[in-house]
Each structure stands twice: as C-alpha cells, then as structure tokens.
Amino acid sequence: MVKSGKARAHTNIALIKYWGKADEDLILPMNNSLSVSLERFYTETKVTFSESYTEDTLVLNGETVNAAESKKITRFMDMLRAKTNTTLYSYIESENFVPTAAGLASSASAYAALASACNEALQLGWSDKELSRLARRGSGSASRSIFGGFVEWEKGYDDTTSYSFPIDADRWEDDLAMIFVVINNKSKKVSSRAGMSLTRDTSRFYQYWLDHVDEDIAAVKEAISRKDFKGLGEVIEANGLRMHATNLGAQPPFTYLVPESYQAMEVVHQCRELGYPCYFTMDAGPNVKILVEKHNQAHVIEQLHQHFEPHQIIASDITRSGVEIIE
C-alpha cells in the first residue's frame, strides 16, 4: 500500500510577535500573534507512506538529511501516527523556495506543507483549523502558514484550543509588500528557542510585554478593518521594538540587533520624512523587514540602496493564498 500527497505552503512574518512558550511540548504560546503570508517564500513537500518503509526519511532540497538532523521530523511523524492510528513510515521530499541569505526561517512553511501533504496522503479530511493545530506541533509559526493574508494565532490553553485563523482584510493585502534588509545570515549566539525561554523566565520587562500584546492585536485588527496603513504600521513597529526590549531585561541581557539593523530602521524613518510611508519589524535576528504599500515600494528600495548592497534587499508581495494541494 503506497499513499502520497504533495502540498505548498508560504512562510509568514509576524507583525505582532509570538515570544515565549507556555508549554514547550505542545508549543503553546504565551500570547496571541498576528502575521502576513509572503508570496515569494514557500515550501513544497511530497509525502509518501508505504508498508515497505522501516523509518522516516527526509530529502531536503535534493539531499537526504542524516538521522541526527531529522530527529525533529521523526518526532513530528511519531505524533502524527499516534493521532491517526497509522503505523506507516514515510518518505518526505521537501524543497524550500526561501533564499538562504534572507535569514528567514523556513520552518513555518515547511511544517504547514508537511501537515497538509500528510492530510492528503492519508485522506484524513482534516479542516484548516485542524491542520493549523497539527502544523503548530512542528513549529509554532507554522500554525499561521496554513492560511494566506493576515492571520491570527489564538494562544489557547491546550492542544485543541491553540490554532490560527484568517482575518478578512477585503483584499487589502494586494496593495501591500514587504522588503527584507539582509544584515547577515550568521548563526545566532542565542537561538530563538533559548532566547524565548530565557526572556520568559528572567526578563524584568516580560510581564509588561504580555500586558500590552492584546491591545496591539486589537489595534492592528482595527487598522486592517479601516485599511489604515499608518495605524497598522505604528503598532507593529512599536510591538517589534517592545519584543526586543524584553531581551535586554533578561539575565543575562542579550540582543539580536546590530548597528546595521539600526541603520536600516533610520532609513525607514527617513523614507517617512520624504513622504514614503513604511514601517519596520524584526524577528529573532538582525535582519529588518519593512512593510510598505506597493506604490511606494520602489522609492523605499531606492533609499535602501544608498546604504545597503543590492543583494541585501529582497522584496515580496503579500499573498492571500493559503496552503495548496499540488497534483
């Protein structure tokens, strides 16, 4: 018996950040988050289940991943088998269309595509909500990559109640784009996972962060409903800076930002002074992401080119497409 399924999922960037887990095993976040999905960056994954397989095999970008590196995938597939009463092992072929230099983690699109491909192969008939919960078990942000456009991840309190859902923006996503300023793609001294845990457990500023996230979510959703770009931008910019501020309150303090990160932020401020509204956000790394309306995108890129090399600037449209099954 051989069963196969193939799916494509886009990665996403959090506009309101998820920072810290309430449950490490179930990957339940401490707070809700809100993201946009990116057209240019995605993963395509084919999963084949067969009685002839004796273990899970992952082929990533044409190369077989060794056992040590594939432990996380094996844990995910074990969890899937337990949920579905399936005993079949799998052969997974995954290709990431995410530029390595972008410093953009592909885990969100990878696990969303994997979850959907498994759903297709095993003919589970799971809803997008159920797939969001499943993908979350591989990578928290993958919960959001099941959907396109603006997406909110409800933190929940157990495996059943933590999932993502799309936010209706009346096609406003078609008018927006995101520009990546690639500072560097070196390994981080503090991983995202370690940084989340350290900040949650020791930062003097962390409770302040939690106390204001719900306000940020509400403000962003209000801005989306009114298609208020300035209102949206001001909230996401403040939220991103607030997240990074929590890291400075940790024991010991740490930061992901470098001088070039601040330079990119200053260019954003200059663009606004020139009449080209745009707003920055940063995840657990030095690279800066800039949300801009498409009609101002070329102007902002022109300003960035005065300070950064062309290869450091990568732009992507926002996509309204959620996870897709590929025949």
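Criteria and thresholds
Residues numbered from 1 in each chain as written. Predicted model: local features only at pLDDT ≥ 70, side-chain atom pairs only at ≥ 80, totals over all residues. Heavy atoms only, no water. Helix = DSSP H or I, 4+ residues; strand = E, 2+ residues; numbered from the N terminus. Rg over C-alpha atoms; globule rule 2.2 N^0.38 Å. Contact = heavy atoms within 4.5 Å. Areas by Shrake-Rupley, 256 points an atom, 1.4 Å probe, with all protein chains shown as cover. Lys, Arg positive; Asp, Glu negative; His and termini not counted. Charge placed at Lys NZ, Arg CZ, Asp CG, Glu CD. Core = buried A, V, L, I, M, F, W, Y, C linked by side-chain atoms within 4.5 Å. Buried < 20%, exposed > 50% of the residue type's maximum accessible area, 1.4 Å probe, protein only. Expected span 1.5 Å × (residues − 1). Axes fitted to C-alpha atoms, helices over the stretch in contact; angles between N-to-C directions. Left-handed = near helix turned anticlockwise from the far one by under 90°. Nonpolar A, V, L, I, M, F, W, Y, C, P; charged D, E, K, R; others polar. Phe/Tyr/Trp six-rings, centres within 6.5 Å; stacked < 30°, edge-to-face > 60°. Salt bridge = Lys/Arg side-chain N within 4 Å of Asp/Glu carboxyl O.

### Brief notes about the overall build of the chain
Check the secondary structure of the chain and you find eight helices and 14 strands. Over its C-alpha trace the chain gives a radius of gyration of 20 Å, about what one expects of a compact globule, namely 20 Å for 327 residues. Expressed as lengths along the three principal axes of its C-alpha atoms, the size of the chain is roughly 65 × 40 × 35 Å. Contacts spanning at least 24 positions in sequence make up 77% of the contacts within the chain whose residues lie at least 6 apart. Surface accessibility of the chain: about 14400 Å² in total, with carbon and sulfur atoms responsible for 48%. The centroid of the 34 positive side-chain charges in the chain is displaced by 4 Å from the centroid of its 44 negative side-chain charges.

### Overview of the nonpolar core
L34, F150 and M178 are the most contacted members of the largest nonpolar core, which totals 43 residues. Going through the elements one at a time, strand 1 (2-16), strand 4 (33-50), strand 8 (150-154), strand 10 (176-181), helix 5 (206-226) and helix 6 (229-248) are the ones with two or more residues in this core. Considering each element in turn, this core owes the most residues, eight residues, to helix 5. One finds A9, L58, A117 and F147 within the second-largest nonpolar core, a separate group that totals 29 residues.

### Quick look at helix 2 (residues 107-121)
For helix 2, with 15 residues, the first-to-last C-alpha span of 21 Å sits near the 21 Å given by 1.5 Å per residue. Two residues or fewer past helix 2, Q123 is found with a positive phi of approximately 55°.

### Points about the packing of helix 1 (residues 71-84) against helix 2
For the pair helix 1 and helix 2, the least separation of the axes is 12 Å and the interaxial angle reads 35°. Crossing handedness for the pair helix 1 and helix 2: right-handed. Where helix 1 abuts helix 2, its residues K72, I73, F76, M77 and L80 lie against Y111, L114, A115 and C118. Here the contact of helix 1 with helix 2 is composed, by residue class, of eight nonpolar, no polar and one charged.

### With respect to the packing of aromatic side chains
Scanning the entire structure with this criterion turns up nine aromatic pairs. Measuring from centroid to centroid gives 4.7 Å for Y42 and F97, while their planes differ by 20°, and the two rings are stacked. Here Y42 is found in strand 4, whereas its partner F97 is found in strand 7 (residues 89-97), with 55 residues between them in sequence. Taken together, the ring pairs connect W19, F254 and Y256 into an aromatic cluster.

### Quick look at the pattern of salt bridges
Pairs can form between side chains of opposite charge once their charged atoms are near each other. In total, this model carries 22 salt bridges according to the counting rule given. Among the salt bridges present, the one from D56 reaches R81, with a minimum N-O distance of 2.6 Å. Linking D56 in the loop between strand 4 and strand 5 (57-60) with R81 in helix 1, this pair joins segments that are 25 residues apart in sequence. Of the two residues, D56 and R81, both sit in the buried class. Close ionic contact of R200 with D201 constitutes a salt bridge, the shortest N to O distance being 2.9 Å. Judged by its relative accessible area of 23%, R200 falls in the partly exposed class. When salt bridges with common partners are traced through the structure, they connect E24, R193, R200 and D201 into a single cluster.

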